[in-house]
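The primary structure of each chain is shown beneath.
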Amino acid sequence: GHDFNDFEVGRRAGFKPAEMLNMLDAQARVIQCGGIPEELLGLDRFDARARVVELLEESGLVERVEDRVIQTPYGDRSGVVIEPWLTDQWYVDAATLARPAIEAVRSGAIRVVPKTWEKTWFQWLENIQPWCVSRQLWWGHRIPVWYQKGLDKERLTEADLRDPTKVHVSLAGPADPENWVQEDDVLDTWASSWLWPFATLGWPNPAAQQSAGLDHFYPTTTLVTGPDIIFLWVARMIMAGLEFMRPGEPIERRIPFRHVYFTGIIRDQQGR
């Protein structure tokens, strides 16, 4: 479970994510056992790697050492090497949400300018993957999921998560909040931002919607933005509008805007 390629190979081989193992703990210390020398357990990842090389050298198993340049991800704030780590997260079925958004552009209900960006639109949305909407941050909109008090959240099965007597999912929250505990995870930034076209107009409160003039301002005419967020924001606002706004009405009433105008982006010689 510590490598993206290994993870995908494991899935193709029939392993479930719950059966895969983390190599490191939250402090990047070696925790996995089963064939790993006991002296490595608990070591920091860098210390463990150095010790592995020492053990190989002591056993006469090192043929040669070469310097290689490899792609390594670093945290942009911490400057620390990022390690893959298996965790339980909340996912949205993005493929189902994407189908109406694809049709909105294909039918002409939403017009993309310049038209050349339609190719990118269809390529991304027709190959969309499940969307991980949960984040472990100190701020943000908390996911509207509540657990029955007394349940061990870490031991809940897929069936438990779909059992309304154990897990409650609702924007309004449970009817008796004293018996429920809300999820600590918050929404991904874009899972908050995709609600922008109608959340700013009183949604989901009917009285607030009327006061804010949602029927007058939604949908708006034109969104002007850069093409770098076609997928991150533009497509998701359209998916959200088609999912949450005026179900059963014509598509022209449910989309958040009728035109999307993509501007150019000024970049330096490195494309930044």
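Now for a description of the structure that goes with this document. Quantities reported herein were computed from a predicted structural model and do not represent experimental measurements.

1. Some details on the overall build of the chain
The helix and strand inventory of the chain stands at 11 helices and 10 strands. Its C-alpha radius of gyration of 24 Å places the chain more than 25% over the 19 Å reference for a compact globule of 272 residues. Along the first, second and third principal axes, the C-alpha set of the chain runs to 75 × 55 × 35 Å. Accessible area of the chain: about 18500 Å², with a carbon and sulfur share of 54%.

2. Here's the deal with helix H10 (residues 230-244)
Between its terminal C-alpha atoms H10 stretches 20 Å, which fits the 21 Å expected from 15 residues at 1.5 Å a residue. A bend of about 25° at arginine 236 is the largest found in H10. The element H10 is largely enclosed, with a buried count of 11 among its 15 residues. Among the residues making up H10, those that are buried are Ile230, Trp233, Val234, Ala235, Arg236, Met237, Ile238, Met239, Ala240, Gly241 and Leu242. Looking one or two places after H10, you find arginine 246, whose phi comes out positive at around 45°.

3. Section: the environment of arginine 254
Here arginine 254 lies in helix H11 (residues 251-254). Residue arginine 254 is classed as buried on the basis of its relative accessible area of 17%. Separated by 84 residues in the primary sequence, arginine 254 and serine 170 have C-alpha atoms spaced 22 Å apart. With near-sequence residues (within four places) excluded, arginine 254 lies in contact with Tyr218, Gly241, Leu242, Met245, Arg246 and Glu249.

4. Notes on the sheet that holds strand S5 (residues 145-148)
The strands that make up a sheet are held in pairs by hydrogen bonds between backbone atoms, and each pair lies either parallel or antiparallel. Taken in spatial order, the three strands make up an open sheet running S6-S5-S7, and their pairing is antiparallel. Lying at the two open borders of the sheet, with one neighbouring strand each, are strand S6 (167-169) and strand S7 (180-182). Averaged over neighbouring strand pairs, the angle between their axes works out to 30° when direction is ignored. For S5 and S7, the ladder comprises three bridges, and the chain directions are antiparallel. Considered in S7, the bridge of tyrosine 147 is made with valine 181.

5. Thoughts on the pairing of strand S10 (residues 257-262)
Bridge count between strand S2 (residues 111-113) and S10: three bridges; the pairing is parallel. Residue pairing across strands places valine 112 opposite valine 260, the latter belonging to S10. One ladder, built from five bridges, connects strand S9 (residues 220-225) with S10; its direction is parallel. Bridge assignment links threonine 220 to a residue of S10, and that residue is phenylalanine 257.

6. What about the sheet that holds S2?
Spatial strand order, S2-S10-S9: three strands in an open sheet with parallel pairing. A strand with exactly one partner marks an edge of an open sheet, and here the two such strands are S2 and S9. The average undirected angle you get between the axes of adjacent strands in this sheet is 15°. H10 contacts S9 and S10 of the sheet and is inclined by roughly 170° relative to S10.

7. Quick notes on unusual backbone geometry
Residue proline 114 is reached from valine 113 by a cis peptide bond, and omega for that bond is -5°. Residue placement: proline 114 occurs in the loop between S2 and helix H4 (117-126). Omega for the bond connecting tyrosine 218 with proline 219 falls within 30 degrees of zero, at 0°, which places this linkage in the cis form. Note on placement: proline 219 falls in the loop between helix H9 (214-217) and S9. Phi is positive for alanine 28, which is not a glycine, with a value near 60°. With respect to the helices and strands, the residue alanine 28 is situated in the loop between helix H1 (4-12) and helix H2 (45-58).

Procedures and definitions
Residues numbered from 1 in each chain as written. Predicted model: local features only at pLDDT ≥ 70, side-chain atom pairs only at ≥ 80, totals over all residues. Heavy atoms only, no water. Helix = DSSP H or I, 4+ residues; strand = E, 2+ residues; numbered from the N terminus. Rg over C-alpha atoms; globule rule 2.2 N^0.38 Å. Areas by Shrake-Rupley, 256 points an atom, 1.4 Å probe, with all protein chains shown as cover. Expected span 1.5 Å × (residues − 1). Bend = angle between axes of the 7 residues up to and from the residue. Buried < 20%, exposed > 50% of the residue type's maximum accessible area, 1.4 Å probe, protein only. Contact = heavy atoms within 4.5 Å. Pairing = 2+ DSSP bridges. Axes fitted to C-alpha atoms, helices over the stretch in contact; angles between N-to-C directions.

Honestly, that's just the spatial picture; any functional story needs more than this.
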